[in-house]
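Spelled out, the chains give:
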Amino acid sequence: MSVVSGRAVKSAMGVRLRGVLGVRRPGRLVAEGIALLVAVVVAFPLYWMVLSAFKPAGEVQSSHPRPWTLSPSLDSFRRVFTQQDFGRYFLNSLVVAGSVVLLSALIAFLAATAVTRFRFKFRTTLLIMFLVAQMVPVEALTIPLFFLMRDLGQLNTLGSLILPHLAFSLPFAIWMLRGFVRGVPVALEEAAALDGASRTRFLWQILFPLVFPGLVATSVFSFISAWNDFLFAKSFIISDTSQSTLPMALLVFFKPDENDWGGIMAASTVMTVPVLVFFVLVQRRLVSGVGGAVK
Amino acid sequence: MTAEPETARAPVAAPARGRRPRPHSPRRAGWTPWLYLAPALAVLGALLVYPIYQLGLISFLEYTQAQVSGGEPTSFQGLANYTALFSDSQFWSVLFATVVFAAACVVTTLAVGCALAVLLTRVRALPRLALMLAALGAWATPAITGSTVWMFLFDPDFGPVNRVLGLGDHSWTYGRYSAFLLVLLEVVWCSFPFVMVTVYAGIRAIPGEVLEAAALDGASQWRIWRAVMVPMLRPILTVVTIQSVIWDFKVFTQIYVMTNGGGIAGQNLVLNVYAYQKAFASSQYSLGSAIGVVMLLILLAATLVYLRLLRRQGEEL
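Calculation notes
- Residues numbered from 1 in each chain as written.
- Chains lettered and ligands numbered in written order.
- Predicted model: local features only at pLDDT ≥ 70, side-chain atom pairs only at ≥ 80, totals over all residues.
- Helix = DSSP H or I, 4+ residues; strand = E, 2+ residues; numbered from the N terminus.
- Buried ≥ 20, exposed ≤ 12 C-beta atoms within 10 Å, placed from the backbone.
- Contact = placed C-beta atoms within 7 Å.
- pLDDT = per-residue confidence, 0-100.
- Domains from an automatic or database assignment.
- Nonpolar A, V, L, I, M, F, W, Y, C, P; charged D, E, K, R; others polar.
- Axes fitted to C-alpha atoms, helices over the stretch in contact; angles between N-to-C directions.
- Parallel < 35°, antiparallel > 145°, perpendicular 65-115°, else oblique.
- Left-handed = near helix turned anticlockwise from the far one by under 90°.
- Expected span 1.5 Å × (residues − 1).
- Core = buried A, V, L, I, M, F, W, Y, C linked by C-beta atoms within 7 Å.

Peer 1: How do you make sense of the overall build of chain A when you look at a structure like this?
Peer 2: Regarding its fold elements, chain A presents 13 helices and zero strands. When the helices and strands of chain A are listed from N to C terminus, the series reads α-α-α-α-α-α-α-α-α-α-α-α-α. Each of the 295 residues in chain A was classed as buried or not, and the buried ones make up 45%. Considering only intrachain contacts with a sequence separation of at least 6, the fraction spanning at least 24 residues in chain A is 77%.

Structure, rendered in structure tokens:
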């Protein structure tokens, strides 16, 4: 509603400004030209990635690269999935990211409810700690986490990737969900209590569905941090390549003598597309969610 | 609305009505919030707090391959690791490079992001959608695939950039500064969308009359940005700045992949990669941990500044 009226105000303003100043149009055309040019430049790397993935080998490793191809081929993809056990790595990545998303959504939902719906001792302290925890550089903890995973017997398993990412995505997820939980009116909770719904029942049957859009927005961030992880995969999956995730598999195509660029671009495409799809699907919620977290 | 099914079953719940209603009032919270918090606290305690403690501990010990394999007992070294680190000139040059590199990334990201956010407010729906979609794509691209693609674009033999610029087989990763520049471009490419989208949302929330009044007074776009938008967007700008500082200070993947582990003779090392190389490549776990502690402290300082700013803006916790 407010978005629509905001837009209306803005366009009305534009019309009036044009009337007053008289010279708006050329300025706007220039601005639109720049916007389109920037869009092309920003999109170009992704276009080049997909294009190179579909180019036949000779055109990829050519000293006169052309920005199109007349004979698209799936050779690079075929090489990626047969030479390298890429399907397996893809599945591993999916398992890691999926587990992190599910677990962190559930745990963060409970924690966010606790800090928004109850007043208790140390509540503010906890909130500040969640905020500080967001800033902890994941990478600095690689060494102690390595030893922790070794002691837990998790090295070379997907668990060694799921657990740390779960811990690192939680503080942000809690912080972000807080806004969504707070948005559900307290009156609803009182009404449910009056009707005899238990706290547990209210939590799962009323609050959970209402906060679900927020959970989706939050999970994008958990998903991406787990899906993109390179450092932990490199440090914790040291000897069992069957447990590798996509980023490690991608690097196999870099060879000291000559990089297989076709393979690298095809593998990169396979790794990028799921995130891209996820992002586009939830972008509306993402933007408003970020706004919520920012506020 | 969702409560309706409950109301429909009211007769069943009738006895409960007879009792004193149980408003989940703050006073009667009891141990319920702690029950809800338990899983989160367990995970964070085990996988965040404990490792931080371990990190600090290891940085005071002698911890090399011998201790890892259990061949030798660990021994307490006091500040020896830190003295060794601080007397190493490479550490200072890496620290300096990290700070300058992060600052350059933050400034460029913010400048590009804010400029494009303002640009978005001045164009019609179609160009806006095009730019938004392109930015969303860059935002969603994983750091590692972003790195490989940018390497390929700037590849001396097969990349289109050298072809277009007529640079022949000039290698971007050979020189120290051109390698840093290449990484910077990639970092800015994948991090400006967050700034742009957030700032754009902030500008949209500014009442139209305010901007209109400024424009009617004949203010230039730059003047409007400086004198009207920046003060009104201050909370949002604070958040995106601090977030960018934190992200760019701990860049790992891009440097590691694009400069192949820190560049020729370590010329492109940043703290994060430096710590990784010390620990996992040369098994000096205690030195790596000491670097980690330094990083942690620097980012903690940034966080405290952030918290102060939030407080001053009256953010309700």
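Peer 1: Help me out: how do you make sense of the confidence of the model for chain A in this one?
Peer 2: For residues with low pLDDT, the predicted coordinates do not support detailed interpretation. Residue and element names in this part refer to chain A. Residues with a pLDDT of 70 or more make up 87% of chain A, whose mean pLDDT is 82. Within chain A, helix α5 (residues 86-117) carries the highest mean pLDDT (92), whereas helix α1 (residues 2-21) carries the lowest (45). Residue range residues 1-23 is modelled with pLDDT below 50. Its contacts to residues more than four positions away, or to other chains, number eleven contacts. Scored below 50 in pLDDT, residues 289-295 makes 15 contacts in the model with residues more than four places away or belonging to other chains.

Peer 1: Sorry if this is basic, but what is going on with the domain arrangement of chain A here?
Peer 2: By a widespread convention, an interface's size corresponds to the accessible area lost as its parts come together. Residues and elements named next belong to chain A. In terms of domain boundaries, chain A breaks down into domain 1 (23-73) and domain 2 (85-294). Each of domain 1 and domain 2 was reduced to a C-alpha centroid, and the two centroids are 32 Å apart. Across the contact, eight residues belong to domain 1 and six residues belong to domain 2. Elements supplying a minimum of two residues to the side of domain 1 that touches domain 2: α2 (24-54) and α3 (57-60). When grouped by side-chain class, the residues that make up the side of domain 1 that touches domain 2 number five nonpolar, two polar and one charged.

Peer 1: What is the right way to look at the packing of helix α14 (residues 271-281) of chain B against helix α15 (residues 285-312) of chain B in this model?
Peer 2: What describes two packed helices is the angle between their axes and the distance between those same axes. All names here are of chain B. Direction vectors running N to C along α14 and α15 enclose 160 degrees, while the axes themselves pass 7 Å from each other. The angle between α14 and α15 falls in the class roughly antiparallel. Both α14 and α15 take part in a crossing whose hand is left-handed. Here L271, N272, Y274, A275, K278 and A279 of α14 come into contact with α15, specifically with Y285, L287, G288, I291, G292 and M295. Across the contact of α14 with α15, the residue classes tally to eight nonpolar, three polar and one charged.

Peer 1: What should I look at first to understand the interface of chain B and chain A in this one?
Peer 2: Tallying the contact residues gives 89 residues for chain B and 97 residues for chain A. Here the side of chain B that touches chain A is built from residues that sort into 61 nonpolar, 17 polar and eleven charged.

Peer 1: Explain the environment of D85 of chain A here, please?
Peer 2: Residues and elements named next belong to chain A. On the secondary structure map, D85 appears in the loop between α4 (75-83) and α5. Here D85 falls in the partly exposed class, since 16 other C-beta atoms lie within 10 Å of it. Taking the C-alpha atoms as reference points, D85 and E258, separated by 173 residues in sequence, lie 21 Å from one another.

Peer 1: Just checking my understanding: could you explain helix α12 (residues 221-249) of chain B for this structure?
Peer 2: Helix length check: α12 of chain B, at 29 residues, gives a terminal C-alpha distance of 32 Å against a target of 42 Å (1.5 Å per residue), a shortfall beyond 12%. The complete set of buried residues in α12 of chain B reads M229, L233, I236, V239, V240, Q243, S244, V245, D248 and F249 of chain B.

Peer 1: Could you clarify how one ought to interpret the nonpolar core in this entry?
Peer 2: Taken as a class, soluble globular proteins show a tendency for nonpolar side chains to be buried jointly. In terms of nonpolar packing, the biggest core is built from 169 residues, with A108, A111, I174, L177 and A267 of chain A together with A135 of chain B touching the most fellow members. Looking at which domains feed residues into this core, each of domain 1 (23-73) and domain 2 (85-294) of chain A gives three or more. Beyond its immediate stretch of four places on either side in the chain, A111 of chain A contacts I174 of chain A together with Y36, L37 and A40 of chain B.

Peer 1: What should I look at first to understand the packing of α5 of chain A against helix α3 (residues 32-58) of chain B in this one?
Peer 2: Direction vectors running N to C along α5 of chain A and α3 of chain B enclose 135 degrees, while the axes themselves pass 8 Å from each other. Classed by the angle they form, the pair α5 of chain A and α3 of chain B counts as oblique. Here α5 of chain A runs over α3 of chain B; the crossing is left-handed. Where α5 of chain A abuts α3 of chain B, its residues I107, A108, L110, A111, T113 and A114 of chain A lie against P33, Y36, L37, P39, A40 and V43 of chain B. By residue class, the composition of the contact of α5 of chain A with α3 of chain B is eleven nonpolar, one polar and no charged.

Peer 1: For this particular structure, what's the right way to read the environment of A275 of chain B?
Peer 2: Along the chain, A275 of chain B falls in helix α14. Between the C-alpha atom of A275 of chain B and that of S286 of chain B, which follows or precedes it by eleven residues, the distance is 9.8 Å.

Peer 1: I would appreciate a short explanation of the environment of I291 of chain B in the present structure.
Peer 2: Residues and elements named next belong to chain B. Relative to the helices and strands, I291 is located in helix α15. Sequence separation between I291 and Y276 is 15 residues; the distance between their C-alpha atoms is 9.3 Å. Setting aside residues up to four positions removed in sequence, I291 forms contacts with L85, L271, Y274, A275 and K278.

Peer 1: When you look at unusual backbone geometry in this model, what are you seeing that I'm missing?
Peer 2: Residues apart from glycine generally show negative phi values, whereas peptide bonds are mostly found in trans. Not every positive phi belongs to a glycine, and F122 of chain A is a case in point at roughly 70 degrees. Turning to its location among the elements, F122 of chain A is positioned in the loop between α5 and α6 (123-135). Even without being a glycine, N260 of chain B presents a positive backbone phi close to 55 degrees. Summarising the element assignment, N260 of chain B is placed in the loop between α13 (253-258) and α14. Look at N260 of chain B and you get partly exposed, because 14 C-beta atoms sit within 10 Å.

Peer 1: Got a minute to help me understand the confidence of the model for chain B in this structure?
Peer 2: All names here are of chain B. For chain B, per-residue confidence averages 85 on the pLDDT scale, and residues scoring 70 or more make up 90% of the total. Ranking the elements of chain B by mean pLDDT puts helix α1 (residues 4-8) last with 37 and helix α6 (residues 89-121) first with 95. Under a pLDDT of 50 for its full length, residues 1-27 has, in the predicted model, 28 contacts with residues more than four places off or in other chains. For this predicted complex, the interface confidence reaches an ipTM of 0.83, while the overall pTM sits at 0.83.

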